[in-house]
Structure formats: C-alpha cells, structure tokens
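# Architecture at a glance
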Amino acid sequence: MGTWRRARLNFPACFAVGPRGPASSDGEHLVLDAAKSAVEVDVVTGSRELEGRGVERWKRGAVYPMLPHHQKSLGRDWTTPWENLQKCCWNRHISSCMRWPGHYSRAPYPYFSSRHFSLNWRPPCLFESRAPFQYWNWRPDSLSQTSLIHLSSYIMNSEGDEPSSKRRKHQGTIQRHWEYICNHNKENTKILGDENVDPVCEDSESNFDFSVMSYNILSQDLLEDNSHLYKHCRRPVLHWSFRFPNILKEIKHFDADVLCLQEVQEDHYGTEIRPSLESLGYHCEYKMRTGRKPDGCAICFKHSKFSLLSVNPVEFYRRDVPLLDRDNVGLVLLLQPKIPSAASPAICVANTHLLYNPRRGDIKLTQLAMLLAEISSVAHQKDGSLCPIVMCGDFNSVPGSPLYSFIKEGKLNYEGLAIGKVSGQEQSSRGQRILSIPIWPPNLGISQNCVYEVQQLPKVEKPDGDLTQTEPDKTEVLVTAEKLSSNLQHHFSLSSVYSHYLPDTGIPEVTTCHSRSAITVDYIFYSAEKEGVAEQPGAEVTLVGGLKLLARLSLLTEEDLWTVNGLPNENNSSDHLPLLAKFRLEL
C-alpha cells in the first residue's frame, strides 16, 4: 500500500464534502469525505491499491460519500448540481454556513454565496511529486441548467497554509472617481457621472497645470519570489504577459504628465516599458537598485509639458556606513515647465521605494533623510529659495506613523522610539531596541536638518597672493551636545494629496491589497503654502510658488477591493493602486 499523508481542515457540522477526484499522474486519488457530525475532516491520499479494494475510508470510522461521480469540471474546478449537495446535507439549513459579502475572517471553512454558491475551499497538494491533477485541463461540453456548487482547485502548500478566506468570485472593475479640491485646507468632493471623464489641466499666462501619477507596478521577479502574497489570485493574471498590457492601459487612460514608477524591473524596462512610454510622448529616467536587485525607480515626463534640467540618482547603500547595507534607491529630477509666455520656477520631482522591513525603522529614517538632503540640494534656487517639490513613492509606512508625521510636520523627536514603531507596520514593540542618538553616524555627511553638511576649510594666502584651501588634518571629530540631539527636522512644507480616511465613515483608504494585508504605504507629497510656516522651527527657507492641489483620483477601502478579489486581479495588474493628482502652479 502506498504511503498515506494527512491534512486536517475544520468544517462546520452542517455539511460534508466528498468528491473523489480522478487519478493524478502518479496514480494517487484524492478522497475527501465527512461524517455527519464531524467538525474536523481528515484528508487522505492513497494509491491504486485502494481503488482495487473499492475502499474509501477514514482513519476514524464511517464514510459518507457526498458528491456523485458525474460531477463536471469548470476549467480547473469541479462542479456538482446544487440539489445533489442538498441531499447530502441531512436536511440542515445551508444558510447556517453562509458568509456574507465583506466578511473577511481567516476562518478556514468554506462559504456558500447565495449569489452563485461558490465553495471557497481548494484541495491541498498532498503528493510528494506535487504533480498537477489531470482534471485541471478538463473542459465541460455543456453545463447543467441547475444551480451548481463550485469547488475551486487552488492548491495549498505542504506546510499547512490555509486557503485565503478572502477569495471572491466577483468579477468587475474598480470604480474610482475624481475628487475636486475647492481650496487649500477645506475639501469638497464631487463624483463624476461618467467614470471616463477627468478634470483637464489647462495652462494660462498666470497658471501652469500638470498631473502626477505614482504607481508601484509590482516587479515580476518580486511577485514570483513572494508568491505567498498572491494565493487569492488566479494564476493567469499573475503572468507578465497578461499584466503589462493592463498596466500600460491604465497609464494611457490617466495620461499623467509625470509618472513616478516603483518596482520597475530592469529587463522589462529596457524591452517593453521604456519603448512603450516613449511612444506615448514620455521621456524616461531610470535608477536601478544597487547590488543584484533586478528592479528600480523610474520618472517619466511628457516632452510637451517639461524640459529636463538635471537628473540626480540617490543610492541608499553606503559601504562605509554599516547601517546602510540595503539596496534601495531614489531618483530626483529638476524639470522646467514649458510656458512660452511667462517665466516659471522649476519643479523638483522625487521618487523612491524605501526599505520594507517593518523592524528597521532606523534604516527607513536614514534613507528618508538622504532623499530629503538630495531634494534640498536640487530644489535650492540661486536666491536661496526652494522651488516647488513633488515627492512620490512607496514609503512602506502607514499614515500617522512617526515617519509619516516627520514628512508632514517637518520635525520628529525620536528619543525612546522603538525601531519597529517608526513605520507603524509593527503592532508590538516587545523585544525591540530603541533608536540610537544620533541614528546615523557623522561620516554620512547629513545633518539632523536633513541637508548635506559642507566642511568649511580654512583659507591661507599663498606667496603669490592666491587663496587656497588647506588639506584637512586627520583629527578627531568632537561631537557637541547639539549634534547629539534627538530632534530631526527638514525645511520643506509638505502636504499629502490624500487624507487616508473616508470623510463620512472614517474607514481607512488603502493603496495596496494582497493576501496578507491591505494598508496605505504609497503617497504623493507636495509643497504647499501653509499658515504659520514661518513660525515653524527651521522654516527660514522660503518657498517659491507653492503648488495648489486641484483634484485627486479617489482611493478605495479594503472591502471595496475584495469585491474584485483584491489585487492583482483581471483588470488591475499590480498589488498597488495608482495614485493620481492634478496640481496648479500659480505664476
């Protein structure tokens, strides 16, 4: 007799399931039955020897075969008439094991939908060879006119992972609308009747309007390396050949003037992404992650709207700083608006993807400080003022976290702050160390104000009268009490395009949604005039022409996204939503 393997699933006592599938490629059968009052069901596999005996059995007793052998296959799935299921449920009310739309508990039992009777359970992979069942390729010649119970054939792995209870068979598209912003601090939204209508950016002699999209498009290599995050997805929608046309379709539809893309895989960028975007009128700049990482960040802008003044990549890996041993990067461009009839300040656009690790808030803050220092260097005008700034990216931090608050408020006292609390992704700080003071070493060359430190060298007069700088002596650097301050600052006045919560209900909006979580980690920050800016510490740097937010593309809640089976899905091919905003620069 062949070797037996067992997996255990918890089922409600109101029903039992017993399909006996056809043989796999190595001759084994999948047997799934349940006793009338069973709460735990044993799943067993046997060899052809079982079939020869005509035996279907459980370790602990009786067998209650449930589904007839004429069940039909729908693609990779099994189906059986609804009335056959009712006969085998011992006259119990099937509604007692129904789950309602929007309920996303991780309970491992199946659910019946009153809409299409979908059974949200998939047989585990119980064979050593992990060979696919032959019935996966079956196709029905015709389907019964009666209602069907649907058995999905998704595989769990051998480590006992539960099938995602968030699996949904709902098909459809995500409905997003434009929200118009009436003034700087007070918002009033308007839902457009036509989803294809969007506010048009119009330039005039006194205004320059432009739109910005930030989009983590999900690197294919990262998708495949983290397949556990996409158990809820049908396999075909995860292929790059399916995903890229959808991503390009979104970009074409929204037609933003500036694109800030994250997780742009290098080989795809060179062969598909860049050529496609250039054909749409974009100029593209790309910075690949350091090390052997295959993806990076890209900023693309319309030739018709901007000319390029400078390109400034930022590498967060520093060989001489042990803290900075990660390969994340940033990219900062200085763009000149094309306005023939008026002079306008340049616009600084930054894009980044900070470290994910929730427990390394020290690295995240240092990476952010490095990006802000580069932005400060690029955005400084000759008269000492700062040009308007747009900072986009996946910051791997949630709204209200210390890192998020630092960006918006321009200051952070991190004394006593646990490193796992910086991004807000960790629920508990037990066992975590406290941020050191200072977080990064002096040889990084960045001050606590997030600007580059320039060492002033004494000048000596040569015999011929010329002035020159002396070589610095290798002396010990004295660390003053001021340098040991736990206060971080930056000189920008940054606002978030999104409010992160629905105004009526307070339900959180999300920008990413997969099998493990649904949260906000993506942002578009922009420099805006704020009341009382001059009174804030470190706000002596003035802004030129703060940006005015005109409109933003609405975000969704977790419940909204699971109605279309989360992300990615048939119409949205990343695990992140694109963020989109329209700005006005008043000249």
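Remember, it's a predicted structure, so these values are computed and weren't measured experimentally.

We now examine the sheet that holds strand β9 (residues 207–216). Spatial strand order, β8-β25-β26-β9-β10-β12-β11: seven strands in an open sheet with mixed pairing. At either margin of the open sheet sits one strand with a lone partner, and together these are β8 (178–180) and β11 (282–288). Direction aside, neighbouring strands of the sheet carry axes that sit 25° apart on average. Across eight bridges, the pairing between β9 and strand β26 (residues 579–586) is antiparallel. Of the residues in β26, the one forming a bridge with Asn207 is Glu586. Contacts between helix α4 (residues 240–254) and the sheet are confined to β9, β10 (258–265), β11, β25 (547–553) and β26, with β9 contributing the most and set at about 165° to the helix. Most of the contacts of helix α5 (residues 266–279) go to β11, to which it runs at about 165°, and overall it touches β10, β11 and β12 (295–302).

Next up on the list: the packing of aromatic side chains. Scanning the model with the defined rule gives 12 aromatic pairs in all. Residues Phe208 and Phe306 carry aromatic rings whose centres are separated by 5.5 Å and whose planes lie at 80° to one another, so their mutual orientation is edge-to-face. A residue pair is termed long-range when its members are at least 10 positions apart, and Phe208 in strand β9 and Phe306 in strand β13 (residues 306–315) qualify at 98 residues. According to the relative accessible area criterion, Phe306 is buried, its value standing at 2%. Stacked on the ring of Tyr282, the Lys or Arg Lys302 has its end atom at 5.2 Å from the ring centre.

Direction vectors running N to C along helix α6 (residues 361–379) and helix α7 (residues 402–409) enclose 20°, while the axes themselves pass 11 Å from each other. When the axis of α6 is compared with that of α7, the two are roughly parallel. Note on packing geometry: the crossing formed by α6 with α7 is right-handed. Contact with α6, carried on its side by Lys364, Leu365, Leu368 and Leu372, involves Leu403, Phe406 and Ile407 of α7 and no other residues of that element. Taken together, the residues that form the contact of α6 with α7 break down as six nonpolar, no polar and one charged.

Quick look at the side chain of His490 now. Structurally, His490 is set in the loop between β20 (487–489) and β21 (494–496). Side-chain polar atoms of His490 contact the backbone oxygen of Ile407, separated by 3.0 Å. Separated by 3.1 Å, the side chain of His490 and the backbone nitrogen of Phe492 make a polar contact. When sequence neighbours within four positions are dropped, the list of residues in contact with His490 reads Leu372, Phe406, Ile407, Gly410, Asn449 and Cys450.

Taking strand neighbours across the sheet as the criterion, the six strands line up as β13-β14-β15-β16-β24-β21 in an open arrangement whose pairing is mixed. Across the chains shown, the open sheet's two edge strands, defined by having one partner strand only, are β13 and β21. Ignoring strand direction, the axes of neighbouring strands in this sheet form an average angle of 20°. Note: β13 against strand β14 (residues 329–337), nine bridges, orientation antiparallel. The residue of β14 that forms the bridge with Glu315 is Val329.

Before going further, it helps to examine the nonpolar core. Grouped together as the largest cluster of nonpolar side chains are 64 residues, with contacts concentrated most on Phe210, Val258, Leu259, Leu277 and Phe583. It is α4 that provides the largest number of residues to this core, a total of six residues. Grouped together as the second largest cluster of nonpolar side chains are 48 residues, Leu334, Leu386, Phe406 and Leu488 included.

With that settled, consider α4. Here α4 contains 15 residues, and its C-alpha end-to-end distance of 21 Å stays within 8% of the 21 Å for a straight helix at 1.5 Å per residue. Here α4 has its buried residues at Trp240, Arg243, Phe244, Asn246, Ile247, Leu248, Glu250, Ile251 and Phe254.

It is worth spelling out unusual backbone geometry at this point. Cis geometry marks the peptide bond from Ile437 to Pro438, where omega comes out at -5°. Structurally, Pro438 can be placed in the loop between β17 (411–413) and β18 (459–461). Despite not being glycine, Asn396 shows a phi value in the positive range, around 45°. Along the chain, Asn396 falls in the loop between β16 (389–394) and α7.

The predicted coordinates of low-pLDDT regions are not to be read in fine detail. On average, residues of the protein score 74 in pLDDT, and 59% of them are at 70 or above. Between the elements of the protein, mean pLDDT differs from a low of 34, seen in strand β7 (residues 148–151), to a high of 99, seen in β10. Per-residue pLDDT stays below 50 along residues 184–196; that stretch engages in 26 contacts with residues further than four places along the chain or on separate chains. Here residues 531–540 is modelled with pLDDT under 50, and outside its nearest four sequence neighbours on either side it reaches 10 contacts, counting other chains as well.

Calculation notes
- Numbering of residues begins from 1 in every chain and follows the order in which that chain's sequence is written.
- Side-chain atom pairs in this predicted model are given and counted only at pLDDT of 80 or more, local residue features only at pLDDT of at least 70, and totals for whole chains, interfaces and linings cover all residues.
- Hydrogens and water molecules were not included; the side-chain quantities draw on all heavy atoms of the structure.
- For two strands to be treated as a pair, DSSP must find no fewer than two bridges joining them.
- Helix and strand assignments follow DSSP, with helices taken as H or I runs no shorter than four residues and strands as E runs no shorter than two, numbered in order from the N terminus.
- Only the contacting stretch of a helix is used when fitting its axis, a line to C-alpha atoms as for every element, and angles between N-to-C directions run 0 to 180 degrees.
- Here, two residues are considered to be in contact whenever any of their heavy atoms come within 4.5 Å of each other.
- Two aromatic rings, drawn from Phe, Tyr or Trp (for Trp, its six-membered ring), form a pair once their centres lie within 6.5 Å of each other, and the interplanar angle then sorts them: stacked below 30 degrees, edge-to-face above 60, tilted otherwise.
- Buried, partly exposed and exposed residues are distinguished by accessible area as a fraction of the type maximum, computed with a 1.4 Å probe on protein chains only: under 20%, between the cut-offs, and over 50%, respectively.
- Two limits define a charge over a ring: the Lys NZ or Arg CZ must be within 6 Å of the ring centre, and within 35 degrees of the ring normal.
- Angle categories are assigned with fixed cut-offs, so that under 35 degrees is roughly parallel, over 145 is roughly antiparallel, 65 to 115 is roughly perpendicular, and the rest are oblique.
- By convention the crossing between two helices is left-handed if the near helix lies anticlockwise of the far one by an angle smaller than a right angle, and right-handed if it lies clockwise.
- Side-chain classes are defined by residue name, with Ala, Val, Leu, Ile, Met, Phe, Trp, Tyr, Cys and Pro counting as nonpolar, Asp, Glu, Lys and Arg as charged, and the others, Gly among them, as polar.
- Counting of polar contacts relies on pairs of N or O atoms within 3.5 Å, with two restrictions inside protein: one atom must be capable of donating a hydrogen and the other of accepting it, and residues adjacent in sequence are counted only when both atoms are side-chain atoms.
- Only buried residues count toward a nonpolar core. Its members are Ala, Val, Leu, Ile, Met, Phe, Trp, Tyr and Cys residues joined through side-chain atoms within 4.5 Å.
- Any helix carries an expected span of 1.5 Å times its number of residues minus one.
- Confidence of the prediction at every residue is given by pLDDT, a number between 0 and 100.

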